[in-house]
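# Coordinate analysis (summary)
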Amino acid sequence: MFPAEKVTFPNIPFAPNTPLYPLHQHIETYHREVVATRNLAKHLQLSSEVASAEWNPRTQVWDLVIRAGDISRREEAEYFIIANGHYRYPAVPAWEGTDEWLAAEHPGSRELKHSLCGVHFVDGTSLSASKVTIYLATGYQVLAPFLSADLAVAPHKASSPITKLTTNGKYIRPLHLDLFSAGDPDMPVGRLAFVGLGYFVAAASASYAQGLFFGHAISQQGFLPEREEVLQEVVEREAAVRAAGFEPHQIGHKFTAPGDAEAYQNHLVALIRAKSQLPLPAFLRTPDRETFVEPWRLAWRAKGIKLGLTWLKALEKGVAGEARFTSQTGTEADWVRAMETLEAWGEEQEVKDAAAVVGVEFA
């Protein structure tokens, strides 16, 4: 369950009457509308995947193999952006004896499954398995297997030197601003980018900021630092993470302190304002727009858990669908009004609940 602020792009709110905490069908409709209203479909190749990607230092382009079903084709690209998200490559532990356990008893009577939930019906019954199934809740790995020649999978240690682009399954280094690779001395910074690596962040907003930064960076010479500067940046960033009590090779790309995720997005756009010769989108050029992340998004993030519990209570009491808890106009200002209404309603419920408890105790 995610609030609207976590799944909407800046300046593109949900349609009127969408719940404050939208369901998957609302999010799917939102994405389809964004693609349709901005004429993006012509740029998409659905049901296709990158089978392999290799940087050619001689021609200074990417050699790509794109696969769609049984058909493969080759393409070249100057820039390569990886935006796989976090939930693509399951982390499956290697336990000694796994193969023997799976093969024991009757063939197919045992299985391992990753990140699946049981199926429950509205009458309270559920599916019962005829086999022994172990469900793994072991998370996912940050990988890009199609980059076999350019991204090495290797364990990271605090003393690990930065000589090439590597991942330990949790953390990719070295990256400029957690975005651009600086792992290959024969590849200019900016030719390989990873969008959406951050955890504990409003993904739509953060990806928009990263995409905006990417566009400005590759459009202008001298916008990005040289490789040696990035390597020093990574060393300093990792030292700062350790000073805060965390090990960067373990926490990976997580934002650990409240406000860090929003500060990161604001920093990206502040760099664009300071360095770019190209204009920002109009909504970011208004006199009252001091930061990229709107104050209402920041406020919602700070109150996220409490507001989420309040929404669950509204669902329980059957009032979540009332007009006061949705945007009637579809504007961001009206979404803020609906959020504040939910917050005020929750505070009223707390007072009523407290009064009820006192009444019971002293009846």
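Residues numbered from 1 in each chain as written. Predicted model: local features only at pLDDT ≥ 70, side-chain atom pairs only at ≥ 80, totals over all residues. Heavy atoms only, no water.

## Here's the deal with the environment of G222
Stated formally: Secondary structure is summarised from DSSP: a helix means a run of H or I of at least four residues, a strand means a run of E of at least two, and numbering begins at the N terminus for each.
Following the sequence through the fold, G222 ends up in the loop between α4 (203-218) and α5 (227-243). Put simply, G222 and N266 are 44 residues apart on the chain and 21 Å apart in space, counted from C-alpha to C-alpha.

## Here's the deal with the packing of α4 against helix α7 (residues 260-275)
Going by this rule: Axis geometry follows a simple rule: fit a line to the C-alpha atoms, using only the stretch in contact for helices, then measure angles between N-to-C directions, giving values from 0 to 180 degrees. Here is the rule for angles: anything less than 35 degrees is roughly parallel, anything more than 145 is roughly antiparallel, 65 through 115 is roughly perpendicular, and the remaining ranges are oblique. Each helix crossing is assigned a hand: it is left-handed if the near helix lies turned anticlockwise from the far helix by less than a right angle, otherwise right-handed if that turn is clockwise. A contact between two residues is defined here by any heavy atoms of the two lying within 4.5 Å.
At a minimum axis separation of 9 Å, α4 and α7 run at an interaxial angle of 25 degrees. As summarised for this structure, α4 and α7 are arranged roughly parallel, according to the angle between their axes. Seen along the crossing, α4 lies across α7 with a hand that is left-handed. Facing S205, A206, A209, Q210, L212, F213 and H216 of α4, the residues of α7 in contact are Y264, Q265, L268, V269, L271 and I272.

## Section: the confidence of the model for the protein
Segments scoring low in pLDDT should not have their predicted coordinates read at a detailed level. Selection criterion: Along the chain, pLDDT gives the predictor's confidence residue by residue, from 0 to 100.
In this model, the protein carries an average pLDDT of 89, and 93% of its residues clear a pLDDT of 70 or more. For the protein, per-element mean pLDDT is lowest for strand β7 (residues 132-136), which scores 77, and highest for strand β14 (residues 192-194), which scores 97.

## Brief notes about the pairing of strand β2 (residues 61-68)
The following threshold applies: Paired strands, in this sense, are two strands between which DSSP finds at least two bridges.
Where strand β1 (residues 49-56) lies against β2, 7 bridges are found, and the strand directions are antiparallel. Looking at β2, one finds that A53 is bridged to L64. Where β1 folds back on β2, the antiparallel hairpin that results is connected by 4 residues, among which Q60 adopts a positive phi of roughly 60 degrees.

## So, the sheet that holds β1
Read from one edge of the open sheet, 3 strands run β1-β2-β3, paired in antiparallel fashion. With one partner strand each, in any of the chains shown, β1 and β3 (71-77) form the two edges of the open sheet. Taking each pair of neighbouring strands and ignoring which way they run, the sheet shows an average axis angle of 20 degrees.

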